[in-house]
Structure formats: structure tokens, C-alpha cells
Amino acid sequence: MNSIPSVLALDIGNTSIHLAIVCGEDVTDPKRFDIAAPTGLAEELDALWTQMDEPRRVVASSVNPDATTRVAKIVLDTLSEDVCLVGRDVPLPMATDVETPESVGTDRLCAAVAAYDRLGASCVVADFGSAATIDCVNDEGVFLGGVILPGIGMSLAALAEHTALLPSLDPADPEGPLGKTTSDAIQLGVLAAARGALRDRTEAYAELLGHWPLVVCTGGDAARVAGQLDLSDLVQAVVPDLTLRGVAMAYYNAMATQDDDD
């Protein structure tokens, strides 16, 4: 490529839209909008777009088809640009060893390719959002698969919905090993479940790989699950913009392949 394109990267999830400008290794502070009512999204898109040098492109990863349709219309109406969708307009960003690569959430693959690009070694990539995913990439940069489980917010909502007396709670950070109130007991329980799943899967992946992999976390509850990194014996990094970096990487990889073919 003669110049590095500026990518307006979007990550369209189940409850949130995240976006940032990515140009090579440079990423602006991610912005978040609620899926149900993305007030101000058009204005933010326009503000970011005007900051970007040519060549520039809007590229998105999505696990929410209905929201993608709505967001694509906002982008088209605001910027007169089509959204370039990973997995549809842009090939999947990394090799996989799974039965149906096209069914893997592109957010998982984008986060994985960004983590592997930075580390250059086998890694566990855990995304703690509405749903949580804990995935494994081997030393050759192949996505091996992983697990999907309820995120912290979803777990809290399920407890409130399916019990008679447990309260509805937002994620929080209770102190101490024991819940002295019902609310603290719930918060500690769902946090322990997330941390336990991360440790359990990392141990399983280490056995599969033959050595201990690096662990990178992303997503809205990543910092909560990881805890204090300087005290952690498990998590090496929390990278909030990991998926957005991977969205841009998917586009860069596609452009580089196109240039090679030309």
C-alpha cells in the first residue's frame, strides 16, 4: 500500500456500538453508543470523519444484523459512505481451525488478530461484554476456537429474572472474599464465575498448546475481571480498543492481499 488508510472502525455488538479512528498503530479514544437509542451517533460519525485524511474507509465488525442495518443507514445518510463489513466485504482476518469459520463472530476474530499481531505468540483472548468469549490462538497465528458464556451483566439479569427475591443489579466491584449482603454475594458470585472460567479455559488451552499462553482481556467488564494487573498471575493486559484495532487490521490485510494480486 502506498499510504496507510484511515479507518473509521465500528464494533457493533448486542447492546453497544463502539467506534474510533484507526490509522496504523494510532487509535483515538473509543466512543460508545447504546444500540437501542444511539443518540448522537450521526454527529460523532461526522466529527470523526472530518478529522480523517484520505484514503479513508468505514469498516465494521458486527454480531447484530438488525443493528448493522440501522447503523449502515446512519453512516450512509451522514457520510454518503457504505459500511465495509468484515466477513462480507472484507475476508476474515486470520486463519482458523474451526468447523465453520463463517459462523464465528467477527468480533472474536478481530480481537484475536489484533492480539496476535501485537504479541506474535500463542495467546488467550477474552472479551467480557454482554456475552463473554474466551478464545485461543496458537503460535502460528491460527484461531483455534474457544468458549462463549454469559457476561457479567447478563448473569446478573438472569438471576433477577429467574428468582423470586434476588434484586436487579448493575455490575459493581464489591470488596472482600465474602458477600455480607445479598447484593454483594451476587456481585462476588458472578465475578468469581467469570474469573474462574478464564482460569479454567486458560489452563485447558495451555495443556493443548504445550505451554502457558499470554492472556489479553477486552470488553466492558475486562478490567473488572482482570483485577489489578500488577498482582495478577493470569492476565497480562487489558486492551479496551482491541476489537477496533482488529477491524482495521482486517481491512489492511485485505488491501495488502489485493495489492499483492495486482
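Residues numbered from 1 in each chain as written. Predicted model: local features only at pLDDT ≥ 70, side-chain atom pairs only at ≥ 80, totals over all residues. Heavy atoms only, no water.

Novice: Report on the environment of Val63, specifying residues and quantitative values.
Specialist: Among the secondary structure elements, Val63 is positioned in the loop between strand 5 (56-62) and helix 2 (65-79). For the pair Val63 and Leu85, spaced 22 residues apart in sequence, the C-alpha to C-alpha distance is 11 Å. The residues contacting Val63, other than those within four sequence positions of it, are Ile12, Gly13, Asn14, Gly105 and Asp107. (Helix = DSSP H or I, 4+ residues; strand = E, 2+ residues; numbered from the N terminus. Contact = heavy atoms within 4.5 Å.)

Novice: Break down unusual backbone geometry for me, citing the residues and quoting the values.
Specialist: The omega angle of the peptide bond from Glu54 to Pro55 is -5 degrees, so this bond is cis rather than trans. With respect to the helices, strands and loops of the structure, Pro55 is situated in the loop between helix 1 (41-51) and strand 5.

Novice: Explain the environment of Leu79 to me, using residue names and the numbers behind them.
Specialist: Tracing the backbone shows Leu79 in helix 2. What makes Leu79 buried here is its relative accessible area of 10%. Sequence separation of Leu79 and Val124 is 45 residues, and the distance between their C-alpha atoms is 37 Å. Setting aside chain neighbours within four positions, we find Leu79 in contact with Leu8, Leu45, Asp46, Trp49 and Val58. (Buried < 20%, exposed > 50% of the residue type's maximum accessible area, 1.4 Å probe, protein only.)

Novice: Can you explain the environment of Arg195? Please cite residues and give values.
Specialist: As for its position among the elements, Arg195 is in helix 5 (residues 182-209). For Arg195, a relative accessible area of 36% translates into the label partly exposed. Considered as a pair, Arg195 and Arg224 are 29 residues apart in the sequence and their alpha carbons are 9.5 Å apart. Dropping the residues within four chain positions of it, Arg195 is found in contact with Arg224, Val225 and Gly227. Of the polar contacts made by the side chain of Arg195, one reaches the backbone oxygen of Val225; its length is 2.9 Å. (Polar contact = N/O pair within 3.5 Å; in protein donor to acceptor, adjacent residues only side chain to side chain.)

Novice: Give a detailed account of the pairing of strand 2 (residues 16-23), specifying residues and quantitative values.
Specialist: Burial analysis of strand 2 places 6 of its 8 residues in the buried class, the great majority of the element. Here 6 bridges tie strand 1 (residues 6-12) to strand 2, and the two strands are oriented antiparallel to one another. Bridge pairing links Ile12 to Ile17 in strand 2. The pairing of strand 2 with strand 4 (residues 31-34) spans 4 bridges and is classified as antiparallel. Bridge pairing links Leu19 to Lys31 in strand 4. (Pairing = 2+ DSSP bridges.)

Novice: Account for helix 3 (residues 106-119), with residues named and values stated.
Specialist: The terminal C-alpha atoms of helix 3 lie 20 Å apart, and with 14 residues this matches the ideal 20 Å at 1.5 Å per residue to within 8%. By the criterion of burial, helix 3 is predominantly enclosed, with 10 of the 14 residues buried. Listing the buried residues of helix 3 in full gives Thr106, Asp107, Arg108, Leu109, Cys110, Ala111, Ala112, Val113, Ala114 and Ala115. (Expected span 1.5 Å × (residues − 1).)

Novice: Give a description of the sheet that holds strand 7 (residues 123-128) that names residues and reports values.
Specialist: The strand order across the open sheet built from 5 strands is 9-8-7-10-11, with neighbouring strands paired in mixed fashion. Looking at strand neighbours, the two that pair on one side only are strand 9 (143-150) and strand 11 (237-238), the edges of this open sheet. Of the strands in this sheet, strand 7, strand 8 (131-137), strand 9 and strand 10 (214-218) touch helix 5, which is tilted by about 15 degrees from strand 8. (Axes fitted to C-alpha atoms, helices over the stretch in contact; angles between N-to-C directions.)

Novice: Just give me the short version of the side chain of Ser122, but keep the residues and values in it.
Specialist: Summarising the element assignment, Ser122 is placed in the loop between helix 3 and strand 7. Only 3.4 Å separates the side chain of Ser122 from the side chain of His211, close enough to count as a polar contact.

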